[in-house]
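Remarks on the overall topology
Residues per chain, in single letters:
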Amino acid sequence: MAERTTPEQSGEIAESDFAEMVRRHQSMVFSIAQHFLADRPAAEELAQDVFLQLHSSLATLKSAEHVTFWLRKVTAHRCIDYKRRRKLPQVSLEDAPEPAAPARSGDPFLARRMRQFVASLPETPRMVVILRYQEEMGAEDIASALDMPLATVKSHLQRSLAMLREKVTRAIGEVTI
Amino acid sequence: MNHVDVENDLKNALRRENAPEGFADRVLARAANRGSSPKAVPRNSWLDFFARPLVRWAALAAISAGTIFGVHVHNVRRQRAEGEAAKERLILALRIAGSKLQLAKSKVNEINANQTHGDQSQEEKE
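Residues numbered from 1 in each chain as written. Chains lettered and ligands numbered in written order. Predicted model: local features only at pLDDT ≥ 70, side-chain atom pairs only at ≥ 80, totals over all residues.

1. Describing the overall build of chain B
A tally of regular secondary structure across chain B gives 4 helices and 0 strands. Secondary structure elements of chain B, listed N to C terminal, follow the sequence α-α-α-α. When the 126 residues of chain B are sorted by exposure, 9% land in the buried category. (Helix = DSSP H or I, 4+ residues; strand = E, 2+ residues; numbered from the N terminus. Buried ≥ 20, exposed ≤ 12 C-beta atoms within 10 Å, placed from the backbone.)

This is the structure:
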């Protein structure tokens with residue numbers, strides 16, 4: 001889901017644009033948090049905190065692209081920190097809470113199972129997978145957002161995909177790769 | 001259930017969801033409660049220098065070293081003052097002891113003189 005950047009927004013971000021920014025990016029920020037935490041109230045609280053941090057940091061942001069990158073980066077780090085701080089137990093597949101909003105297309109059962117599989121991944125690979133497949137970010141952008149080497153991102157992606165394929169295969173038994 | 005591949009399934013499963021109803025309004029209300037205008041972060045401010053983690057640790061180390069040095073200097077001064085006071089007390093005690101010895105010596109001399117004088121008088125009488 002590539003972000004559109006209007007040319008006139010290449011200058012410094014104005015304070016009055018904050019409300020517009022919240023409306024434009026709320027779905028992106030909330031969805032990253034929701035897919036990562038699988039906890040709707042916690043995801044909303046975290047997303048609100050991200051936008052409040054944006055509100056405090058407006059003067060440091062220079063363009064719409066910069067805002068999008070900044071929001072993804074801050075949301076990703078806050079999600080990982082949130083999980084580590086709370087020291088929540090790893091979500092088992094059976095216990096993973098069901099996200100309130102179902103996928104808009106495709107097999108709803110498979111989408112639900114897939115979100116549960118993603119929720120069962122360790123924190124960093126889970127965020128890598130969410131940024132790759134929700135935000136359609138490239139490996140380099142993910143590496144930049146998560147402050148990690150490119151090779152690590154690629155390794156997380158490969159291993160996570162292999163793990164997910166195995167889980168889907170085991171659960172459903174007929175996935176074509 | 002036939003599916004093309006896991007990557008497509010992931011894309012479908014991880015589609016963006018709409019934020020909860022009224023989310024933006026709640027964010028704007030919280031932002032308004034925190035202050036009428038966003039906190040301006042001055043660029044190239046001298047405070048930015050101290051925002052760097054390395055500088056923060058260096059400043060903390062310098063403050064700790066300064067505190068330790070200050071405590072050390074204070075202890076040295078206190079020990080020196082205590083030493084000076086002890087030295088003065090010792091000198092006073094020696095002076096007192098000296099004067100007492102002087103007094104005892106004069107008493108002994110006086111007694112000796114009296115004895116000698118008594119012996120001479122007795123000899124003269126005999």
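2. Things to note about the environment of Met127(A)
All names here are of chain A. With respect to the helices and strands, the residue Met127 is situated in helix 5 (residues 123-133). By the C-beta count within 10 Å, which is 25 here, Met127 ends up buried. When the C-alpha positions of Met127 and Phe36 are compared, they lie 6.6 Å apart, and in sequence the two are 91 residues distant. Setting aside residues no more than four positions away along its own chain, Met127 makes contact with Phe36, Ala76, Cys79, Ile80 and Leu146. (Contact = placed C-beta atoms within 7 Å.)

3. Digging into the nonpolar core
Residues and elements named next belong to chain A. Membership of the largest hydrophobic core comes to 52 residues, with the highest contact counts inside it found for Val29, Ala33, Ala47 and Cys79. No other element matches the 9 residues that helix 1 (residues 18-37) contributes to this core. Ala33 has contacts with Ala43, Leu46, Ala47, Thr75 and Cys79, leaving out every residue within four places of it along the chain. (Core = buried A, V, L, I, M, F, W, Y, C linked by C-beta atoms within 7 Å.)

4. Points about the packing of helix 1 of chain A against helix 3 (residues 64-86) of chain A
All names here are of chain A. Helix 3 packs onto helix 1 with a crossing angle of 30° between their chain directions and a minimal axis gap of 10 Å. By the angle class used here, helix 1 and helix 3 are roughly parallel. The chirality of how helix 1 crosses helix 3 is right-handed. When helix 1 is examined against helix 3, the residues Met21, His25, Met28, Val29, Ile32, Ala33, Phe36 and Leu37 are found in contact with a partner set consisting of Val67, Leu71, Arg72, Thr75, Ala76, Cys79 and Tyr82. (Axes fitted to C-alpha atoms, helices over the stretch in contact; angles between N-to-C directions. Parallel < 35°, antiparallel > 145°, perpendicular 65-115°, else oblique. Left-handed = near helix turned anticlockwise from the far one by under 90°.)

5. Focus: helix 2 (residues 23-34) of chain B
With 12 residues, helix 2 of chain B ought to run about 16 Å at 1.5 Å a step, and its terminal C-alpha atoms sit 17 Å apart, in line with that. For helix 2 of chain B, every residue scored as buried is listed here: Phe23(B), Ala24(B), Val27(B) and Ala31(B). When helix 2 of chain B is viewed along its axis, its buried side chains cluster within an angular range of 95° and face the same direction. Helix 2 of chain B presents Asp25(B), Ala29(B), Ala32(B) and Asn33(B) as exposed residues on the side facing more than 90 degrees away from its buried surface. Considering only its buried residues, helix 2 of chain B is in contact with helix 1 and helix 2 (40-56) of chain A. (Expected span 1.5 Å × (residues − 1). Arc of directions from axis to C-beta.)

6. Some thoughts on the packing of helix 5 of chain A against helix 6 (residues 139-146) of chain A
Between two packed helices, what matters for the description is the angle formed by their axes and the separation of those axes. All names here are of chain A. At their nearest, the axes of helix 5 and helix 6 sit 10 Å apart, and the two run at 135° to each other. Classed by the angle they form, the pair helix 5 and helix 6 counts as oblique. In terms of crossing hand, the pair formed by helix 5 and helix 6 is right-handed. On helix 6, the residues that touch Met127, Val128, Leu131 and Arg132 of helix 5 are Ile142, Ala145 and Leu146.

7. Remarks on unusual backbone geometry
Residues and elements named next belong to chain A. Residue Glu136 is not a glycine yet carries a positive backbone phi of 55°. The class for Glu136 is exposed, based on 12 C-beta atoms found within 10 Å. Phi is positive for Asp147, close to 55°, though the residue is something other than glycine. For Asp147, the location among the structural elements is in the loop between helix 6 and helix 7 (150-172). A residue is classified by how many C-beta atoms lie within 10 Å of it, and Asp147, with 9 of them, is exposed.

8. Focus: helix 5 of chain A
Taken across its 11 residues, helix 5 of chain A has 9 buried, putting it largely inside the fold. Within helix 5 of chain A, the full set of buried residues consists of Pro125(A), Arg126(A), Met127(A), Val128(A), Val129(A), Ile130(A), Leu131(A), Arg132(A) and Tyr133(A).

9. As for the confidence of the model for chain B
Regions with low pLDDT should not have their predicted coordinates read in detail. Residue and element names in this part refer to chain B. Across chain B, the average pLDDT comes to 84, with 86% of residues at 70 or higher. Between the elements of chain B, mean pLDDT differs from a low of 70, seen in helix 3 (residues 46-51), to a high of 91, seen in helix 4 (residues 53-125). The model gives residues 37-42 a pLDDT under 50, and that stretch makes 11 contacts with residues more than four places away or in other chains. Across the assembled chains, the prediction reports ipTM 0.75 with pTM 0.60. (pLDDT = per-residue confidence, 0-100.)

10. Here's the deal with the environment of Ala64(A)
If you trace the backbone, Ala64(A) turns up in helix 3. Residues Ala64(A) and Met21(A), spaced 43 residues apart in sequence, show a C-alpha to C-alpha distance of 8.8 Å.

11. Points about the environment of Lys73(A)
Residues and elements named next belong to chain A. The residue Lys73 is located in helix 3 in this model. When the 18 C-beta atoms within 10 Å are taken as the criterion, Lys73 is described as partly exposed. A C-alpha to C-alpha distance of 9.7 Å links Lys73 and Leu131, two positions 58 residues apart in sequence.

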